[in-house]
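Here are the chains, one letter per residue:
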Amino acid sequence: MGLPQPQAWLLGLPTAVVYGSLALFTSILHNVFLLYYVDTFVSVYKINKVAFWVGETVFLLWNSLNDPLFGWLSDRKFLSSQPGSGTGLSSRAVVLARVRALGWHGPLLALSFLAFWVHWAPAGLQFLLCLCLYDGFLTLVDLHHHALLADLALSAHDRTHLNFYCSLFSAAGSLSVFASYPFWNKEDFSSFRAFCVALAAGSALGFLGATRLLRRRVEAARREPGCSALAVDGGQCEEELLVGAEEAGSITLGQYLRQLARHQNFLWFVGMDLVQVFHCHFNSNFFPLFLEHLLSDQISLSTGSFLLGISYVAPHLNNLYFLPLCRRWGVYAVVRGLFLLKLGLSLLMLAVGPDHPGLLCFFIASNRVFTEGTCKLLTLVVTDLVDEDLVLNHRKQAASALLFGMVALVTKPGQTFAPLLGTWLLCFYTGHDLFQQPPMTPVGSAHPWPEPPAPAPAQAPTLRQGCFYLLVLVPITCALLQLFTWSQFTLHGRRLHMVKAQRQNLAQAQSLDVKTV
């Protein structure tokens, strides 16, 4: 009796595992990119200050606009069909279209990642082109990957099951940060470049293999009784969820935006998520500053480095615990509980004060970990908004990627507000300008052109107190705003069950319509 074929074993992998593995092939690249791209252009390629900020400004605009742009280009055909169309588009065809797009865009993302580590053009031009290319392909990959979460599964249980494997593989992908340290050498860049080539090759091959497997699983479901191949894994079983040819015409962007403006839960959600994105990036930007000014005389440098490194991995591991809670209690209740926990811990830290290093260390780390973890749970809420958008506007097919893109358009300004508001608040409280001292942040995130002189020693206690108040008051303010906006969000409990039932009924009705044609 022969051994089973490797291909047959791979085809036996659960759909959730294959879907989750796509997060691994993205995260192994993106974590290294975030950590090293600034230092590479500043210290290795010697980019000048003007070119750097021009590139960052253009990147900021492109990063904000490409999500809704690519979402619209991807999903506008799902909002309604073109008149005179002779055939419909099934839900399985939509899934296959997204999987094929990932099969193309994933390897291109890996190729654009490689473009950072070879000096092939003037530094300013290369910086601008590399950032825009990389972010464009990253956006395409993220949009289609997130959209598949809404398209492959309908129930909250199945979506949390898919998201569980995304968190697991994202945590594994974060280990590339630790693996990169031995190779990073600004004086001899060849070993780090070889490491990045190996990462990109593994990512590209992974995307090709995973999308091929996923495509075969979807196609195999058509031939199996009861669509069991996807149903077991929480996939779509409706073969004929159609974009109907009888629709009067295509929806314009203006009409779609007016529909979103009437979608109350969408508006409350993006208001809450804007604060969440702000808080996530505030923690990322000021994490090293808090360690430096609040704990530098209490913990060793290796302990600080460990806290910084583990903060990349812990949010994903944290979600492995929170996702089962979401299946039991619902995403709404878990997110609300995390907001209350953030508020409670911040008030406790404010009452205790900055002179308890153990508690302070725990608070700084847990604040970042829980905040990042909450961001990852909110993907599930967007998939529920996709369902509600389909039901409210009587769409023939869910415009998943487009809705994810519109959420990103509204919330991404939080990334910019975080460092600007944080530095302004610190200057307001203490009179201390961070841009007038040498940077105290790790490789890849330091301000590249510090200006002397450093603050006088007499200012240090005031700066320490200002950092402490910034550390605790920002989470308190964010938690209060989020608890208010989240209390206005009604897509949970009975309403969520009603929306999912209506979407399921709509799918069944359209399937029956097609069979009678």
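Preceding this paragraph is the structure being described.
Residues numbered from 1 in each chain as written. Predicted model: local features only at pLDDT ≥ 70, side-chain atom pairs only at ≥ 80, totals over all residues. Heavy atoms only, no water.

## Considering the packing of aromatic side chains
Here is the rule we go by: Only Phe, Tyr and Trp rings are paired, with Trp represented by its six-membered ring, and only when their centres lie within 6.5 Å; those with planes under 30 degrees apart are stacked, over 60 edge-to-face, the remainder tilted. Numbering goes from the N terminus for both helices and strands, where a helix is a DSSP run of H or I of at least four residues and a strand is a run of E of at least two. Each residue is assigned to one of three classes by its accessible area relative to the maximum for its type, calculated with a 1.4 Å probe on protein chains only: buried under 20%, partly exposed between the two thresholds, exposed over 50%.
Considering all chains together, one arrives at 36 aromatic pairs under this definition. Judged by centre distance (6.5 Å) and plane angle (80°), the rings of F339 and W486 are edge-to-face. Here F339 is found in helix α12 (residues 331–352), whereas its partner W486 is found in helix α16 (residues 460–487), with 147 residues between them in sequence. Accessibility assignment for this pair places F339 and W486 in one class, buried.

## Quick look at the nonpolar core
Spelled out, the test is: What is meant by a nonpolar core is a set of buried Ala, Val, Leu, Ile, Met, Phe, Trp, Tyr and Cys residues, joined one to another through side-chain atoms within 4.5 Å. Each domain's limits were defined by an automated method or a database of domain assignments. A contact between two residues is defined here by any heavy atoms of the two lying within 4.5 Å.
Counting residues in each nonpolar core, the largest one holds 111 residues, and the members touching the most others are F113, F116, W117, F192, F269 and W486. Mapping this core onto the domain boundaries places at least three of its residues in each of domain 1 (15–82 + 89–221) and domain 2 (262–434 + 461–516). Other than its neighbours up to four places away in sequence, F269 contacts L378, V381, V382, L385, V407, W486 and F489. L289, L426, C467 and F468 belong to the second-largest nonpolar core, a separate cluster that totals 29 residues.

## Structural notes on the pattern of salt bridges
Where we set the bar: By definition here, a salt bridge exists when the distance from a side-chain nitrogen of Lys or Arg to a carboxyl oxygen of Asp or Glu is within 4 Å.
Applying the stated criterion to the full structure yields ten salt bridges. Put simply, D151 and R98 hold a salt bridge, and the shortest N to O gap is 2.5 Å. Taken together, the positions of D151 in helix α5 (residues 123–152) and R98 in helix α4 (residues 91–114) put the pair 53 residues apart, joining distant regions of the chain. Neither residue differs from the other here; D151 and R98 are each classed as buried. Within the structure, one salt-bridge network assembled from shared partners comprises R159, D384, D387 and K500.

## Describing the packing of helix α10 (residues 264–295) against helix α13 (residues 357–392)
Geometrically, a packed helix pair is captured by the angle between its two axes and the distance between the axes. Quick reminder of the rule: Each axis is a line fitted through C-alpha atoms, and for a helix only the stretch in contact is used; angles between axes span 0 to 180 degrees, taken between their N-to-C directions. Roughly parallel here means an angle under 35 degrees, roughly antiparallel means over 145, roughly perpendicular means 65 to 115, and every remaining angle is called oblique. If you view the pair so one helix is near and one far, a crossing is left-handed when the near helix is turned anticlockwise from the far one by less than a right angle, and right-handed when it is turned clockwise. Only Asp, Glu, Lys and Arg are considered charged, only Ala, Val, Leu, Ile, Met, Phe, Trp, Tyr, Cys and Pro nonpolar, and every remaining residue, Gly among them, polar.
In the contact formed by α10 and α13, the axes pass within 10 Å of each other and the chain directions differ by 155°. The orientation of α10 relative to α13 falls into the category roughly antiparallel. Every pair of crossing elements has a handedness; the one defined by α10 and α13 is left-handed. Of the residues in the contact of α10 with α13, the class split is 19 nonpolar, eight polar and four charged.

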